[in-house]
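What the coordinates show
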Amino acid sequence: RRCLPAPSRALRPQTSDAAGPADGRLDQPSGCRESLGAPVNSDEGLAEYYELAETVDGKFKDGQVNQDHLRTLDGAGIAPLAEFLRIAHPDFYVEENVSRNYSQAWAFVHFLRNSTRENRDSFAGLFRRLTEGVSARVAAHETFGEQELDALEAQFFAYLDGLDK
């Protein structure tokens with residue numbers, strides 16, 4: 001996997017809650033779930049993650065590998081986690097990066113839900129804090145801000161490389 005050498009304009013850290021529309025952005029889907037408080041990468045990542053879930057012998061089965069998303073990431077590269085975890089909600093939908101953003105969101109959720117117990121616990125902790133009414137920014141910082149992102153990113157890349165096989 002290759003990491004993008006520098007973040008694009010879509011990956012700049014959010015500096016204001018009042019970010020308005022800008023040229024090059026796709027319209028956000030109707031019924032946008034930003035108001036629920038989930039970080040956009042987790043929100044859209046979960047939607048993509050569960051899109052392929054199925055019932056097998058009466059049991060719910062999730063965690064399927066989305067080969068289309070893996071191909072997108074192979075071609076477009078992966079944004080650095082330090083930038084991706086801070087992506088502003090409207091910037092997620094910038095047309096030039098939206099496909100990669102959806103693919104990376106799916107991949108990061110897949111990684112957190114299926115790699116290690118520690119990562120599953122981090123993911124569960126993120127959503128526990130959100131249900132307690134903590135803002136998305138604070139919950140994400142509490143969950144990922146204290147971790148060594150370089151190490152988490154290396155685990156993430158190695159996990160994705162293993163999915164290719």
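The present account deals with the structure reproduced in this document.

Thresholds applied
Just so you know, the residues in each chain are numbered from 1, in the order the chain's sequence is written. For this predicted model, a pLDDT threshold of at least 70 governs which residues receive local features, and a threshold of 80 or more governs which side-chain atom pairs are given and counted, while totals over whole chains, interfaces and linings are taken from all residues. Note that the side-chain values use all heavy atoms of the structure and ignore hydrogens as well as water. Between N-to-C directions, angles cover 0 to 180 degrees, with each direction set by a line fitted to C-alpha atoms, over the stretch in contact for helices. Numbering of helices and strands starts at the N terminus; helices are DSSP runs of H or I of at least 4 residues and strands are runs of E of at least 2. Relative orientations are named as follows: roughly parallel for angles under 35 degrees, roughly antiparallel for angles over 145 degrees, roughly perpendicular for angles from 65 to 115 degrees, and oblique for any other angle. Two residues form a contact once any of their heavy atoms are found within 4.5 Å. Residues were grouped as follows: Ala, Val, Leu, Ile, Met, Phe, Trp, Tyr, Cys and Pro as nonpolar; Asp, Glu, Lys and Arg as charged; and all remaining residues, including Gly, as polar. Here a Phe, Tyr or Trp ring, Trp counted by its six-membered ring, pairs with any other such ring whose centre lies within 6.5 Å, and the pair is stacked when the planes are under 30 degrees apart, edge-to-face when over 60, and tilted otherwise. Within this document, salt bridges are pairs made up of a side-chain nitrogen of Lys or Arg and a carboxyl oxygen of Asp or Glu, the two lying within 4 Å of each other. Think of it in three bands: residues with accessible area under 20% of the maximum for their type are buried, residues over 50% are exposed, and the middle band is partly exposed, with areas taken using a 1.4 Å probe on protein chains only.

Remarks on the packing of helix α1 (residues 40–51) against helix α5 (residues 98–114)
For the pair α1 and α5, the least separation of the axes is 7 Å and the interaxial angle reads 80°. By the angle between their axes, α1 is roughly perpendicular relative to α5. Each of N41, S42, E44, G45, L46, E48, Y49 and Y50 in α1 lies in contact with α5, whose residues at this interface are Y102, A105, W106, V109, H110, R113 and N114. Considering only residue class, the contact of α1 with α5 consists of 7 nonpolar, 5 polar and 3 charged.

A word on the environment of L81
Here L81 shows up in helix α3 (residues 81–84). A sequence separation of 73 residues divides L81 from A154, and the C-alpha atoms of the two residues are 10.0 Å apart. Apart from residues lying up to four places away in sequence, L81 is in contact with Q104, F108, L152, E153 and F156.

Here's the deal with the packing of aromatic side chains
Tallying each qualifying case throughout the model produces 12 aromatic pairs. Among the aromatic residues, ring-to-ring pairing joins F108, F111, F144, F156, F157 and Y159 into one connected group.

Section: the pattern of salt bridges
Oppositely charged side chains can form a pair if their charged atoms are brought close together. In total, this model carries 6 salt bridges according to the counting rule given. Put simply, D62 and R113 hold a salt bridge, and the shortest N to O gap is 3.1 Å. On the criterion of sequence distance, the pair formed by D62 in the loop between β2 (59–61) and α2 (67–76) and R113 in helix α5 is long-range, its members being 51 residues apart. Exposure remark for D62: the relative accessible area of 23% places this residue in the partly exposed category. Between R129 and E132 there is a salt bridge, with its nearest N and O atoms 2.6 Å apart. Given the relative accessible area of 48%, E132 is considered partly exposed. One continuous salt-bridge network, built from bridges that share partners, spans R129, E132 and E142.

What about unusual backbone geometry?
In this structure, D57 is a non-glycine residue whose phi angle is positive, near 50°. Within the secondary structure, D57 is located in the loop between β1 (54–56) and β2.

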